[in-house]
Amino acid sequence: MAAPRPRTVALVAVAALVGFLFGLPHLLIPRLLPDPSSYTPLVVSDVSFLTVDETYSYGPRVREVMDGRWAVTDPIAYEYKGRWPFWFPVEQLLLGAMGKVLGSVPRIYLVSDFLFPPLDFLLLAAFVALVTGSTALAVLGSLTVLVGGGRNALLVLWNLGQAALGGSSEQLATLTRPLEFSRLFTPELTFIPFIGGLVALYLALTRQSLRWAVLASVCLALLIPSYLYYWMFFAAGAGLLWLHALATRDRQRMRLLAVVLGLGFLLALPYWISYLMFSRLPEAHEVVARFGAVRARYVDWPSAKDLTLIVATALVWWRTGEERFRFLFAFWVGLLLCRNVQLVTGYMVQTVHWGYRVGYIWQTITILGLLAAIPRLGSGERLRALLQHSGLWVKR
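Per chain, residues are indexed from 1 in the order of the written sequence. With pLDDT at 70 or above as the cut-off, local features in this predicted model cover only qualifying residues; side-chain atom pairs require 80 or more to be listed or tallied, and sums for whole chains, interfaces and linings still use all residues. Side-chain measures here rest on the full set of heavy atoms in the structure, leaving out hydrogens and waters.

**Focus: the overall build of the chain**
And step 1. Helix and strand content of the chain: 18 helices and two strands.
And step 2. Across the chain, every contact between residues at least 6 apart in sequence was considered, and the portion connecting residues at least 24 apart equals 73%.
And step 3. Accessible areas in this description were obtained via Shrake-Rupley with a 1.4 Å probe; residue shielding takes into account the shown protein chains only. Carbon together with sulfur atoms contributes 67% to the accessible area of the chain, which is approximately 19,000 Å² in total. Elements are defined by DSSP. Helices are runs of H or I of four residues or more, strands are runs of E of two residues or more, and each kind is numbered from the N terminus. Here, residues are in contact when the closest pair of their heavy atoms is within 4.5 Å.

Encoded structure:
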């Protein structure tokens, strides 16, 4: 039996440290209490990033499943129980099954913080490694996202520096709320099919593999009922890649992407039926409003930072022709489309999620991908010419 590679051992060791870091509050806080047995993670704030969502929504959903009521609808408003739901996160079924084994909802939170962040780390590191070709950058990018609370590397470093100099409460947030990925259901658990799906999609395209395409479709199907922002971003990027394959008459890519999107939406058919039935309920409008719907038609313009990364990614793709930059660019455009879906639908739910759940993560991955590409851009003269063409270099 061959010995494991040193890089594999190192990644597993870092993943174990990630699990220890995210589970550490559950080991330390009971020691500070007069009665350690009274500790419960459901009342801790700004340590494991437990929010009101987990106490009034996620926990009750898991408890319902543990009590044998698998068709969880609305655990908050009593009069809506047993009705068709607006949101049906499938992860509540997995966590409910875990609860039956562990015996209580608090124990689910304890075990999850040790178990799921390492999986998040490994999957994100795998994706960053595909984009950059560097294990070191993969570890850096994955740790930055997980420990930085879903913010990009530059923002984390900037805010930490400002906080050290007595910065604002927003800048201090990167210090006082560092473990956002301990938050059930999202991002701690839904991040697994999200990044896992991106890895599968990338490998399906680069290896021309139907097996990876089917796996990507399963991940998409899991995301659709669970988290709106992840599945819309995934579907938009894959859809744009399909349009590019159509424009270039690449039939193999068209077939693979059609499998990902078609099978993914087909496997999610139970959710679409459920949502259709929900939309016909008299209380549908009120429920959507309670979820934070913003009813308006407006353009959500990209930030200067996003626009710079989009232009840089497009130019490097044009210069190198590499699949990784086509992939990154397609999903950047897909994110812009997602952030403006209200122009078509007339409303969007909790638009702030696009930034810290998707945008900041894609910024980090893109920055690392561009850094890794510098040696492949050719000589210094060619790099300078590329920057001059983009407007990012000005002759003195």
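That covers the picture; the talk isn't over yet.
**Notes on the packing of helix H8 (residues 191–207) against helix H11 (residues 251–267)**
And step 1. With their axes 10 Å apart at the nearest point, H8 and H11 run at an angle of 160° to one another. In terms of orientation, H8 lies roughly antiparallel with respect to H11. In the packing of H8 onto H11, the handedness of the crossing is right-handed. On H11, the residues that touch Leu201, Ala204 and Leu205 of H8 are Arg253, Leu256, Leu257 and Val260.
And step 2. A breakdown of the residues in the contact of H8 with H11 according to their chemical character gives six nonpolar, no polar and one charged. Only C-alpha atoms enter the line fits that serve as axes; for helices the fit covers just the stretch in contact. Angles between N-to-C directions range over 0 to 180 degrees. Here roughly perpendicular refers to angles of 65 to 115 degrees, roughly parallel to angles under 35, roughly antiparallel to angles over 145, and oblique to all remaining angles. Note: crossing handedness is left-handed where the near helix turns anticlockwise from the far helix by less than a right angle, and right-handed where it turns clockwise. Only Asp, Glu, Lys and Arg are considered charged, only Ala, Val, Leu, Ile, Met, Phe, Trp, Tyr, Cys and Pro nonpolar, and every remaining residue, Gly among them, polar.

**Brief notes about a nonpolar patch on the surface**
And step 1. Note on patches: the residues involved have over 30% relative accessible area and no salt bridge, like charges join within 9 Å, and the nonpolar side chains Val, Leu, Ile, Met, Phe, Trp and Tyr join within 5 Å. Whenever Lys or Arg places a side-chain nitrogen within 4 Å of a carboxyl oxygen from Asp or Glu, that contact is recorded as a salt bridge. On the surface, Leu210, Val214, Leu215, Val218, Leu222 and Leu267 cluster together into a nonpolar patch covering about 460 Å² of accessible area.
And step 2. Residue contributions to the nonpolar patch peak at five residues, all from helix H9 (residues 210–223).
And step 3. Take Leu215: it is sitting in helix H9.
And step 4. Relative accessibility decides the category of a residue: with a 1.4 Å probe and only protein chains considered, values under 20% of the type maximum give buried, values over 50% give exposed, and everything between is partly exposed. Residue classification places Leu215 among the partly exposed positions, given a relative accessible area of 38%.

**Brief notes about the environment of Arg280**
And step 1. By secondary structure assignment, the location of Arg280 is in the loop between helix H12 (269–279) and helix H13 (284–290).
And step 2. By relative accessible area, Arg280 is classed as exposed at 62%.
And step 3. Placed 196 residues apart in sequence, Arg280 and Trp84 show a C-alpha to C-alpha distance of 9.3 Å.

**Some remarks on the confidence of the model for the chain**
And step 1. For every residue, the pLDDT score states the predictor's confidence, bounded by 0 at the bottom and 100 at the top. Per-residue pLDDT for the chain has a mean of 83; in total, 83% of the residues score no lower than 70.
And step 2. Predicted confidence is poor over residues 171–176, with pLDDT under 50, and the contacts of this stretch with residues over four places away or in other chains come to 14 contacts.

**Structural notes on the layout of surface pockets**
And step 1. By volume, the largest pocket amounts to about 900 Å³.
And step 2. Along the walls of the largest pocket sit 42 residues, with Phe86, Trp87, Leu228, Phe291 and Val349 positioned nearest its centre.
And step 3. When residues of the lining of the largest pocket are traced back to their parent elements, those giving at least two are helix H2 (52–66), helix H10 (228–247), H12, H13, strand E2 (347–349) and helix H17 (353–373).
And step 4. Taken together, the residues of the lining of the largest pocket break down into 27 nonpolar, seven polar and eight charged. A pocket, in this scheme, is an open set of points on a 1 Å grid over the protein atoms alone with protein on both sides within 12 Å along at least 5 of 7 lines, while a cavity is a set where a 1.4 Å probe fits but cannot get out; residues line either one if an atom lies within 4 Å of a point. Grid points are joined across faces, edges and corners, and a volume is the space filled by probe spheres set on the points.

**Things to note about the pattern of salt bridges**
And step 1. Counted under the stated rule, the structure contains eight salt bridges.
And step 2. Of the charged contacts in the structure, one is a salt bridge between Arg69 and Asp67, with a shortest N-O distance of 3.4 Å.
And step 3. The partner of Glu323 in a salt bridge is Arg253, with the nearest N and O atoms 2.9 Å apart. Here the residue Glu323 occupies a position in helix H15 (residues 323–338), and Arg253 occupies one in helix H11, the gap between them amounting to 70 residues.
And step 4. One salt-bridge network, in which partners are shared between bridges, spans Arg63, Glu64, Asp67 and Arg69.

**Re unusual backbone geometry**
And step 1. For the peptide bond that leads from Leu184 to Phe185, omega is -5°, which places it in the cis range.
And step 2. As for its position among the elements, Phe185 is in the loop between helix H7 (169–176) and H8.
And step 3. A cis amide bond, omega 10°, links Thr186 with the succeeding residue Pro187.
And step 4. Tracing the backbone shows Pro187 in the loop between H7 and H8.
And step 5. In this structure, Gln208 is a non-glycine residue whose phi angle is positive, near 55°.
And step 6. Relative to the helices and strands, Gln208 resides in the loop between H8 and H9.
And step 7. Even without being glycine, Gln350 reaches a positive phi, approximately 45°.
And step 8. Among the structural elements, Gln350 can be located in the loop between E2 and H17.
And step 9. Judged by its relative accessible area of 31%, Gln350 falls in the partly exposed class.

**Quick word on helix H5 (residues 135–147)**
And step 1. Look at H5: 18 Å from first C-alpha to last across 13 residues, which is about the 18 Å you get at 1.5 Å a residue.
And step 2. Within the span of H5, buried status applies to Leu137, Ala138, Val139, Gly141, Ser142, Thr144, Val145 and Leu146.
And step 3. Polar contacts, as used here, are pairs of N or O atoms within 3.5 Å; protein pairs need one atom able to donate a hydrogen and one able to accept it. Residues neighboring in sequence count only if both atoms are side-chain atoms. N-cap assignment for H5: the residue whose side-chain oxygen lies 3.4 Å from the backbone N of Ala136 is Ser134. Residue count minus one, scaled by 1.5 Å, sets the expected span of a helix.

**Some thoughts on the packing of H10 against H15**
And step 1. One can describe the packing of H10 onto H15 by two numbers: an axis separation of 8 Å at closest approach and a directional angle of 120°. In this view, H10 runs oblique relative to H15, as classed from their interaxial angle. Judged by the twist between their axes, the crossing of H10 over H15 is right-handed. Contact residues: H10 offers Met232, Phe233, Phe234, Ala236, Gly237, Ala238, Leu240, Leu241 and His244, while H15 offers Arg326, Phe327, Ala330, Phe331, Val333, Gly334, Leu335, Leu337 and Cys338.

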